[in-house]
Amino acid sequence: MVSNIVTRSLERMRNIISWGGKSQAQLEARDLDRLREQMRECAEGTGGEVSTRQRAARLAHTYLELDDDARHAFLRMIALEFGPDPARVAEAHATYQAKVGSPEQWDAEARLRGAMRSRRIRILTQFNAIPAGVKFLVDLRADLLRFLKDDPELKALDRELEARLNAWFDVGFLELRRITWESPAALLEKLVQYEAVHEIRSWTDLKNRLDTDRRCYAFFHPRMPLEPLIFVEVALVDDLADNVQKLLDEMAPVADNARANTAIFYSISNTQVGLRGVSFGNFLLKRVVDDLKRDLPGLKQFATLSPIPRLKDWVRAHPDALAEAFTDADWKKLAPLGLDGPEAPGFETLLDDTAPWLETPGLATALAAPLTRLAARYLCHAKSRGAPFDPVARFHLGNGARIERLNWMGDTAAKGLAQSFGLMVNYLYDPDSIEANVEAYVAEGTIATSGPIKRLAKQ
């Protein structure tokens, strides 16, 4: 009954709540009061645990039945009407200041902390107590992040929810599990759905990625047992991999794990948008390396075969960088192929997503040197707010890897060509250097690179 009334009420809220239409006060006070009362009861948590869970479940049910505009209105009500009471905070702060240095100081401090505790947190905590409540909150934050782009007044609610999720998803609570072909079908379907780097095209493709010369690991939360939070796909090979199509070839023979000396992390996918800002990817890789070393002691090298997803975006924003990557020697090689300088017809097509330059025999080979040089400069020097511009580079460099090698035509799929001219990069995780690399990166912004990459970036 309450759910239906609130649903009808919020249907009338659409497009009106205080970001450009009529004011909230013009809506029917009775319906708004019902929703507000539901939230207030959740915030106060009166009536015992069973009643509290029932109220939270009703409120969650209300939210799930709303359309996008009404969900936005729902979240605005929590954000704007259930923060700390300014008068109570001011009074508690004045009392604390008066008690500093006295025996009552610590009691006053506790009261100040209590006054600062937002009622928004109490509502969110009640959701956590219901069945599937953790997943509900993760999905709710995914909605919140979408609305936040155009509604900055939701920021306080987002910060509080992010802080709660960081506590609830602390790596100490997470379980590392290996996913195999024998895992539940529902979980395998999640891998297909969530794979964000290299699309899983079929069940045959998925089975190949879970074969005996492959590994797949994921972090799980005990309250979301069939929802991987982040997963990594690993290939066991005998050297650094340089081409993802070869790595994923379903017709390639299964490799002998006894001969493998290298573990290649070729896909890392975060699955829950609502957990943005909750970092556990670095812990995943460390745990996976430990697991692999224990099971396969012949592995001596741990590296990635990674995309360079923002390379072309950066070049489009810095067009001079493309031309500057070409030397006189490069132009001499390219001249017979119809590309004798940056003013030549067709030069601008290098940035086309369709990569038409692949159609000219010999042109891709001649472009290898300048475009690889461009990628090295990008990875080593392109910055955003003091950190590497490329998000994949930020992740691996921040976890202690070094840029080891660039691979021309490492990804010839449409996505790889559109993002980075088909280039891929190996980040190497050397256990003896990881901590030093992290310290230098955090303290000074130092990017660890191999000698060849360093030389390329200086050319």
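On a predicted model such as this, the values are computed, not experimentally measured, just so you know.

With that settled, consider the confidence of the model for the chain. Per-residue confidence for the chain gives a mean pLDDT of 89, with 93% of residues at or over 70. Across the chain, the secondary-structure element scoring lowest on mean pLDDT is helix H1 (residues 2-13), at 40, and the one scoring highest is strand E8 (residues 402-407), at 98. Here residues 1-27 scores under 50 on pLDDT; set against residues more than four positions off or in separate chains, the count is 48 contacts.

Another aspect to go through is the pattern of salt bridges. Inspection of every chain in the model, using the stated rule, returns 27 salt bridges. Residue Asp313 pairs with Arg310 through a salt bridge whose shortest N-O separation is 2.9 Å. One salt bridge connects Asp353 with Arg316, and the closest N-O pair in it is separated by 2.9 Å. One end of the pair, Asp353, is in the loop between helix H16 (328-334) and helix H17 (363-381); the other, Arg316, is in helix H14 (residues 311-317), with 37 residues separating them in the sequence.

This part takes up the sheet that holds strand E5 (residues 301-304). Ordered by their spatial adjacency, 7 strands build an open sheet running E1-E2-E3-E4-E5-E9-E8, and the pairing between neighbours is mixed. Single-partner strands in this sheet number two, and they are strand E1 (175-178) and E8. Adjacent strand axes in the sheet meet at a mean angle of 30°, parallel and antiparallel pairs treated alike.

Looking now at the packing of H17 against helix H21 (residues 451-458). Running from N to C, H17 and H21 point in directions that differ by 100°, and their axes come no closer than 8 Å. When the axis of H17 is compared with that of H21, the two are roughly perpendicular. Two secondary-structure elements touch here, H17 through Thr372, Arg373, Ala376, Arg377, Cys380 and His381 and H21 through Ile453, Leu456 and Ala457. Here the contact of H17 with H21 is composed, by residue class, of 5 nonpolar, 2 polar and 2 charged.

Our focus in this paragraph is the pairing of strand E3 (residues 230-237). Within E3, 8 of the 8 residues are buried, which leaves it mostly tucked inside the rest of the structure. The two faces of E3 match: Ile230, Val232, Val234 and Leu236 on one face and Phe231, Glu233, Ala235 and Val237 on the other face are all buried. The pairing of strand E2 (residues 214-220) with E3 spans 6 bridges and is classified as antiparallel. Each bridged residue has a counterpart across the sheet, and for Arg214 the counterpart in E3 is Ala235. As paired elements, E3 and strand E4 (residues 262-270) share 8 bridges and run antiparallel to each other. Bridge pairing links Ala235 to Ile264 in E4.

By the definition in use, this model includes 11 aromatic pairs. Ring geometry for Phe326 against Trp331: centres 4.5 Å apart, planes inclined by 15°, an arrangement best described as stacked. Look at Phe326 and you get buried, because its relative accessible area is 7%. Look at Trp331 and you get buried, because its relative accessible area is 13%. Summarising the aromatic geometry, the rings of Trp331 and Phe347 are spaced 5.9 Å apart at their centres and angled 55° between planes, so their arrangement reads as tilted. Pair noted here: Trp331 is in helix H16 and Phe347 is in the loop between H16 and H17, with a separation of 16 residues, a long-range link. Comparing Trp331 with Phe347 shows no difference in burial state: the two are buried. Taken together, the aromatic side chains of Tyr63, Phe74, Phe127 and Phe136 make up a single cluster linked through ring pairs. Here the basic side chain of Lys312 rests over the ring of Phe421, its NZ or CZ set 4.9 Å away from the ring centre.

Definitions and cut-offs
Residues numbered from 1 in each chain as written. Predicted model: local features only at pLDDT ≥ 70, side-chain atom pairs only at ≥ 80, totals over all residues. Heavy atoms only, no water. pLDDT = per-residue confidence, 0-100. Helix = DSSP H or I, 4+ residues; strand = E, 2+ residues; numbered from the N terminus. Contact = heavy atoms within 4.5 Å. Salt bridge = Lys/Arg side-chain N within 4 Å of Asp/Glu carboxyl O. Pairing = 2+ DSSP bridges. Axes fitted to C-alpha atoms, helices over the stretch in contact; angles between N-to-C directions. Parallel < 35°, antiparallel > 145°, perpendicular 65-115°, else oblique. Nonpolar A, V, L, I, M, F, W, Y, C, P; charged D, E, K, R; others polar. Buried < 20%, exposed > 50% of the residue type's maximum accessible area, 1.4 Å probe, protein only. Phe/Tyr/Trp six-rings, centres within 6.5 Å; stacked < 30°, edge-to-face > 60°. Lys NZ or Arg CZ within 6 Å of the ring centre and 35° of its normal.

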